[in-house]
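Chain by chain, the residues:
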Amino acid sequence: MPGDLIVSEEAGVALLTMNRPDSLNALGGTLLDELLAALARIATDMSVGCVVLTGAGRGFSAGGDMKSRATGERPILEGTREQAQMSLRARMEASRLLHEMPKPTIAMVNGVAAGAGMSLMLACDMRIGGRSARMGTAFARMGFSGDFGGHWFLNRLVGPAKARELYFTAEVIDAAEMHRLGLLNRLVEDAELGEATLALARQLAAGPRVAWHHMKRNMQVAEQGTLAEALDVEAYGMTRCRDTEDHKEALRAFVEKRPPVFHGR
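Topic: the overall build of the chain
Looking only at helices and strands, one finds 12 helices and 9 strands in the chain. Scored against the burial criterion, the 265 residues of the chain give a buried share of 46%. Expressed as a percentage of contacts within the chain between residues at least 6 apart in sequence, the contacts between residues at least 24 apart total 69%. Surface summary for the chain: the accessible area is close to 13700 Å², and the carbon and sulfur share equals 57%. Here the chain holds 31 positive side-chain charges and 32 negative ones, and the gap between their average locations is 2 Å.

As structure tokens, then:
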């Protein structure tokens, strides 16, 4: 019987499907623990060149499992304040792994992405959404402040003023507005979402994986560091890539006027 997370791997693409469709893939049950374990493994798996995160059924993820919390079935943030903080912080590593692992990550956004589900979507390098996609911060509606890095990601993607508006109002925005704001890299018809996303994922997985590793590192420094630090890390990455078989293959392909065939080394 499938668990709360379905993991499939093909052609260098790891497809992670949050599998609690009856709750719009709310982050309850064992879903977060399974997701964190899968991401930690895949981050160092050299056979995987790209990661796709999506949800089963009608939604990407509705965020926290409010129903089980409201009924007391699974109280939120159990234990002392310190224990609850440490437990939550450990699970929030899922966002960091999606954002920092040395390979491209893509959110395939079907239906709603709200609360922590929104944060996981924003943590990915790219987002492709169907026409039914919609997004909301949701936290204010529940008297929460927000988690899983949503403030950090949204601030950088849309700017501080819009990020504050979306958090304070908890407004739900549709796919067209998500695309206009740059929160979706690509907007496609719902029927085309799966193939469009996996086509891009397969393209990236077949690319120069050592170069992806250094591009991700460059992006992280660009987000957080100084210009001098960015220049330093770019110089290191370029000299490392210079010695790869992928770069040598690209040079041969350029001369021979053909597409390169990369092997990730």
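So, next bit.
Description of unusual backbone geometry
With a phi close to 55°, Ala-170 is a non-glycine residue in the positive phi region. You can see Ala-170 is positioned in the loop between helix H7 (160-169) and strand S8 (173-174). Judged by its relative accessible area of 2%, Ala-170 is buried. In the Ramachandran plot, Lys-257 falls in the positive-phi region, its phi being about 55° despite a non-glycine side chain.

A closer look at the sheet that holds strand S7 (residues 134-136)
Taken in spatial order, the 3 strands make up an open sheet running S5-S7-S8, and their pairing is mixed. The sheet is open, and its two edges are formed by strand S5 (112-114) and S8, each paired on a single side. Pairing analysis gives 2 bridges linking S7 to S8, with the strands arranged antiparallel. Pairing of Arg-134 across the sheet is with Asp-174, part of S8. Relative to the sheet, helix H5 (residues 116-123) contacts S5 and S7, its axis offset from that of S5 by approximately 100°.

Some points on helix H6 (residues 150-158)
Taken together, the buried positions of H6 are occupied by Gly-150, Phe-153, Leu-154 and Val-158. Summarising the axial view, the buried residues of H6 lie within an arc of 95°, below the 170-degree limit, and thus occupy one face. Where H6 is buried, its residues touch helix H4 (93-100), H5, S7 and H7.

Quick look at the pattern of salt bridges
Under the criterion given, the structure shown has 16 salt bridges. A salt bridge links Arg-91 to Asp-33; the nearest nitrogen and oxygen atoms lie 3.3 Å apart. Within this pair, whereas Arg-91 is found in helix H3 (residues 81-91), its partner Asp-33 is found in helix H1 (residues 31-43), the two being separated by 58 residues in sequence. In this structure Asp-33 comes out as partly exposed when scored by relative accessible area, which is 40%. Each of Arg-89, Glu-93, Arg-96 and Glu-100 takes part in a single network of salt bridges with overlapping partners.

Basis of the calculations
Residues numbered from 1 in each chain as written. Predicted model: local features only at pLDDT ≥ 70, side-chain atom pairs only at ≥ 80, totals over all residues. Heavy atoms only, no water. Helix = DSSP H or I, 4+ residues; strand = E, 2+ residues; numbered from the N terminus. Buried < 20%, exposed > 50% of the residue type's maximum accessible area, 1.4 Å probe, protein only. Contact = heavy atoms within 4.5 Å. Areas by Shrake-Rupley, 256 points an atom, 1.4 Å probe, with all protein chains shown as cover. Lys, Arg positive; Asp, Glu negative; His and termini not counted. Charge placed at Lys NZ, Arg CZ, Asp CG, Glu CD. Pairing = 2+ DSSP bridges. Axes fitted to C-alpha atoms, helices over the stretch in contact; angles between N-to-C directions. Arc of directions from axis to C-beta. Salt bridge = Lys/Arg side-chain N within 4 Å of Asp/Glu carboxyl O.

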